[in-house]
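# Observations on chain architecture
Listed below are the residues making up each chain.
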Amino acid sequence: MSKKNTRNRTKYIFVVGGVMSGVGKGITVSSIGKILQARGFNVTAFKIDPYINVDAGTMNPTEHGEVFVLKDGYETDQDMGNYERFLGVELDRDNYMTTGLVYKSVIEKERNLEYRGRCVQVVPDIPREVIRRIKSSVAKHAADIAIIEIGGTVGEYENILFLEAVRMMKIENPADVITAIVSYVPTPSKVGEMKTKPTQHAVRTLNGTGIQPDIIVARADRPLDEKRKEKIATFCNVHTEDVISAPDVESIYQVPLNFEKDNLSDILLKKLGLSSRKRGLADWEKRVKRIRNAKETVKIGVVGKYFKTGDFVLSDAYISVIEALKHAACEIGKSLELTWIDSTDFEEKQSDLKTLKQYDGVLIPGGFGSRGIEGKIAAIRFCRENKIPYFGLCYGMQLAVVEYARNVLGIKDAHTVEADPKTKNPVVDIMPEQKENLRQKNYGATMRLGHYEAVLAPNSLAGKAYARKTVLERHRHRYEVNPEYVEQLKEAGLVFSATSPNGVLMEIAELPVKKHPFFLATQFHPEFQSSLIAPHPLFVAFLKASAGKKKQ
Ligand code: GLN
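Just so it is clear, the structure is predicted and the values come from calculations on it, not from any experiment.

### What to know about the pattern of salt bridges
Within this structure, the stated rule accounts for 41 salt bridges. Here Asp176 ties to Arg9 by a salt bridge, and the two come within 2.7 Å at their closest N and O atoms. One end of the pair, Asp176, is in the loop between α6 (160–172) and β7 (177–184); the other, Arg9, is in the segment before β1 (11–17), and 167 residues separate them in sequence. Here Arg9 falls in the partly exposed class, since its relative accessible area comes to 37%. Lys195 serves as the salt-bridge partner of Glu193, at 3.7 Å between the closest nitrogen and oxygen.

The structure is reproduced here in structure tokens:
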């Protein structure tokens, strides 16, 4: 649609955060992207993470949330998943950068004499490298509009060099760069009034970096009234219509529609000197309505371990899984009821396993290490023996194979080498090339990562759900089902319904529907490729089976 962009230049929208983290910058970026895409523009999105980690692969999911894997295998921040899900595009490694990555490349260039012997300085060389990366990514995606999220909140040391990059870009191309700040507007219960002061401070702090926001997205537990909008406008130096109300919503997919209630796409296009008559959010709206109108619920229990942080329970580590379940629930017109179950509970009290009966389906997502895995294995056994629909993802597949080997094949000490490096029966083993990585302590970005092809068995549960012969799915693992045990497992009734094209790697394990209503587990992560508009077929099949159990 670059025709619409009369001057044919890419436009940039930077999104920064104020007051506090966790108020939804990622969803703001995704939603702004969605509404502009619906106006006919080619949109790309970009995340800047202020961490020193070179990529997100080495960050603890309890602290930083899920590691989202791109098709090219890059391990990134969970927000990249939101962008892909909202925009329906596939992003790549160029759409993500951390402080660590930027410094690493500047230092490498310096070592290669690419700065021709001059002094290399934090300013301007770091922001210049940031700008270079943004521009080269945008050129690759031939984007009309690039939306760039700067992690953290204004006023932190960590993102100051990225804000400097925004300032420099604005000076260079004033007509092509705008900034939105996503701020929080609290209503303290004792005061009973919505307070704009924290937002005023945040904007003033942003002003101190030389940036005036063009748009203020005011996150709050309720919609902003006109009075608050006017107050923010006056004190923060913007027009009242540039203050966008972003109240809490039941579904994040409502956010683009809410933004349009405040005419955000028109406002943005005007500021960017663009125009378009197209409006294409109808499909989206239809699905959001379906979520809202769903009456019957499907109860899914997720058995994992990355939930607890101090006294709080966070589910950010499994965000793509949650969203994929929601997409599938919407597809079958049901509402999703999710429960987090800590697998260590089953280790402490075997009798708790019975509580799994209250769920229509149980899912075990990816994971690492040995904590809580006996609890997961016990849960898988319970689901298998009690015909509760079971869906395993990555570790959830490997442990399903361990469980089958132990309790059906009778190999009592079967295990994954990850949890028991000395096991005599390594039914899940390390891949040979991975052994060397671990020996050399070469942990970062060295797993089997990104998309790989799998060949499906046509008459299997998986083959029917996908209704295709091959699929490309995203991976993130070091261990594999050991080929030496595959024949025995098959003879004992486990079906490997997808393998790598050379037949060596087992990509999906399942039980025949005659024996179990739904028992299926994937070595890959289907959750990374699901969206509201195109729900993932395996998640849909799992939810259909779960909804079916309820009826019985
Ligand atoms: N820990 C397992 C492995 O490395 C599974 C990884 C995962 O669940 N993402 O192979």
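### Re the site of the ligand
The environment of the ligand is made up of Gly366, Gly367, Phe368, Cys394, Tyr395, Gln398, Glu418, Arg476, His477, Arg478, Tyr479 and His525. Within the backbone of Gly367, one N or O atom sits 2.9 Å away from a nitrogen atom of the ligand. In this structure, Arg478 approaches the ligand through a main-chain N or O atom, which is 3.0 Å from an oxygen atom. Taken by itself the ligand offers 300 Å² of open surface, and the protein chains cover 98% of this. For the shell around the ligand, the elements supplying multiple residues, two or more each, are α15 (395–407) and β19 (470–477). Considering only residue class, the shell around the ligand consists of four nonpolar, five polar and three charged.

### Examining the confidence of the model for the protein
For any part of a model where pLDDT is low, the fine detail of the predicted coordinates should not be relied upon. Mean pLDDT for the protein: 93, with 96% of residues reaching 70 or above. Segment residues 1–7 is flagged for pLDDT under 50; beyond a separation of four residues in sequence, or across chains, it makes 16 contacts in the model.

### Re unusual backbone geometry
Following Val123, the chain continues to Pro124 via a peptide bond in cis, the omega torsion being 15 degrees. When you line up the elements, Pro124 lands in helix α5 (residues 122–140). Notably, Leu113 is not glycine yet its phi reads approximately 60 degrees, a positive angle. With respect to the secondary-structure elements, Leu113 resides in the loop between α4 (99–111) and α5.

### Describing the sheet that holds strand β13 (residues 335–342)
Sheet architecture is open: nine strands sit in the order β13-β10-β14-β15-β23-β22-β21-β18-β19, paired in mixed fashion. Each end of this open sheet is capped by a strand with a single partner; those strands are β13 and β19. The average angle at which neighbouring strand axes cross in this sheet is 25 degrees, direction not considered. Pairing of strand β21 (residues 495–499) with strand β22 (residues 506–510) involves four bridges; the strand directions are antiparallel. The residue bridging Val495 from the neighbouring strand is Glu510, located in β22. Across the sheet, helix α14 (residues 373–385) is in contact with β10 (297–304), β14 (361–364), β15 (390–393) and β23 (519–522); its angle to β14 comes to roughly 150 degrees.

### Details of the packing of aromatic side chains
Per the stated rule, a full pass over the model turns up eleven aromatic pairs. With a centroid separation of 6.3 Å and 70 degrees between ring planes, the pair formed by Tyr74 and Tyr96 is classed as edge-to-face. Taken together, the residues span a long stretch of sequence, with Tyr74 in the loop between β3 (67–69) and β4 (75–77) and Tyr96 in strand β5 (residues 96–98) at a distance of 22 residues. A residue is classified by how much of its surface remains accessible, and Tyr96, at 1% relative accessible area, is buried. With a centroid separation of 5.3 Å and an interplanar angle of 45 degrees, the aromatic rings of Phe391 and Phe542 are classed as tilted. One end of the pair, Phe391, is in strand β15; the other, Phe542, is in helix α19 (residues 537–551), with 151 residues separating them in the sequence. For the pair Phe391 and Phe542, one class covers both residues: buried. Positioned over the ring face of Tyr452 is Arg448, at 4.3 Å from the centre of the ring.

### A few points about α6
Look at α6: 19 Å from first C-alpha to last across 13 residues, which is about the 18 Å you get at 1.5 Å a residue. Those residues of α6 not exposed but buried are Leu161, Phe162, Leu163, Glu164, Ala165, Val166, Met168 and Met169.

### Describing the environment of Phe162
Position of Phe162 relative to the elements: it lies in helix α6. As for Phe162 and Ile150, which are separated by twelve residues in sequence, their C-alpha atoms are 7.1 Å apart. The residues touching Phe162, leaving out its near neighbours within four places in the chain, are Ile48, Pro50, Met97, Thr98, Thr99, Val102, Val130 and Ile150.

### Some words on the nonpolar core
In terms of nonpolar packing, the biggest core is built from 93 residues, with Ile13 and Ile134 touching the most fellow members. With seven residues, the top contributor of residues to this core is α6. In this structure Ile134 touches Tyr12, Phe14, Phe46, Ile48, Met97 and Ile148, once residues within four positions along its chain are discounted. If you look at the next biggest cluster of nonpolar residues, it comprises 43 residues, including Ile341, Tyr359, Ile380 and Val427.

### Quick notes on the sheet that holds strand β8 (residues 215–220)
Pairing in this open sheet of seven strands is parallel, and the strands run β5-β2-β6-β1-β7-β8-β9 from one edge to the other. With one partner strand each, in any of the chains shown, β5 and β9 (243–247) form the two edges of the open sheet. Taking the axes of each pair of neighbouring strands and ignoring which way they run, one obtains an average angle of 20 degrees across the sheet. Alignment of β1 against strand β6 (residues 145–150), held across five bridges, turns out to be parallel. Considered in β6, the bridge of Lys11 is made with Ile145.

### Quick word on the layout of surface pockets
Volume-wise, the largest pocket comes out at about 1,400 Å³. Contributing to the lining of the largest pocket are 50 residues, with Gly22, Val23, Gly24, Gln78 and Asp316 lying nearest its centre. At the level of secondary structure, the elements contributing two or more residues to the lining of the largest pocket comprise α1 (25–38), β2 (43–49), α2 (61–64), α3 (78–87), β9, α9 (255–261) and α12 (319–331). Here the residues of the lining of the largest pocket are counted per class, giving 19 nonpolar, 16 polar and 15 charged.

Rules used throughout
- Residues numbered from 1 in each chain as written.
- Predicted model: local features only at pLDDT ≥ 70, side-chain atom pairs only at ≥ 80, totals over all residues.
- Heavy atoms only, no water.
- Salt bridge = Lys/Arg side-chain N within 4 Å of Asp/Glu carboxyl O.
- Helix = DSSP H or I, 4+ residues; strand = E, 2+ residues; numbered from the N terminus.
- Buried < 20%, exposed > 50% of the residue type's maximum accessible area, 1.4 Å probe, protein only.
- Near = heavy atom within 4 Å.
- Polar contact = N/O pair within 3.5 Å; in protein donor to acceptor, adjacent residues only side chain to side chain.
- Areas by Shrake-Rupley, 256 points an atom, 1.4 Å probe, with all protein chains shown as cover.
- Nonpolar A, V, L, I, M, F, W, Y, C, P; charged D, E, K, R; others polar.
- pLDDT = per-residue confidence, 0-100.
- Contact = heavy atoms within 4.5 Å.
- Pairing = 2+ DSSP bridges.
- Axes fitted to C-alpha atoms, helices over the stretch in contact; angles between N-to-C directions.
- Phe/Tyr/Trp six-rings, centres within 6.5 Å; stacked < 30°, edge-to-face > 60°.
- Lys NZ or Arg CZ within 6 Å of the ring centre and 35° of its normal.
- Expected span 1.5 Å × (residues − 1).
- Core = buried A, V, L, I, M, F, W, Y, C linked by side-chain atoms within 4.5 Å.
- 1 Å grid on protein atoms, 1.4 Å probe; cavity = no way out; pocket = protein on both sides within 12 Å on 5 of 7 lines; lining within 4 Å.
- Points joined across faces, edges and corners; volume = space filled by probe spheres on them.

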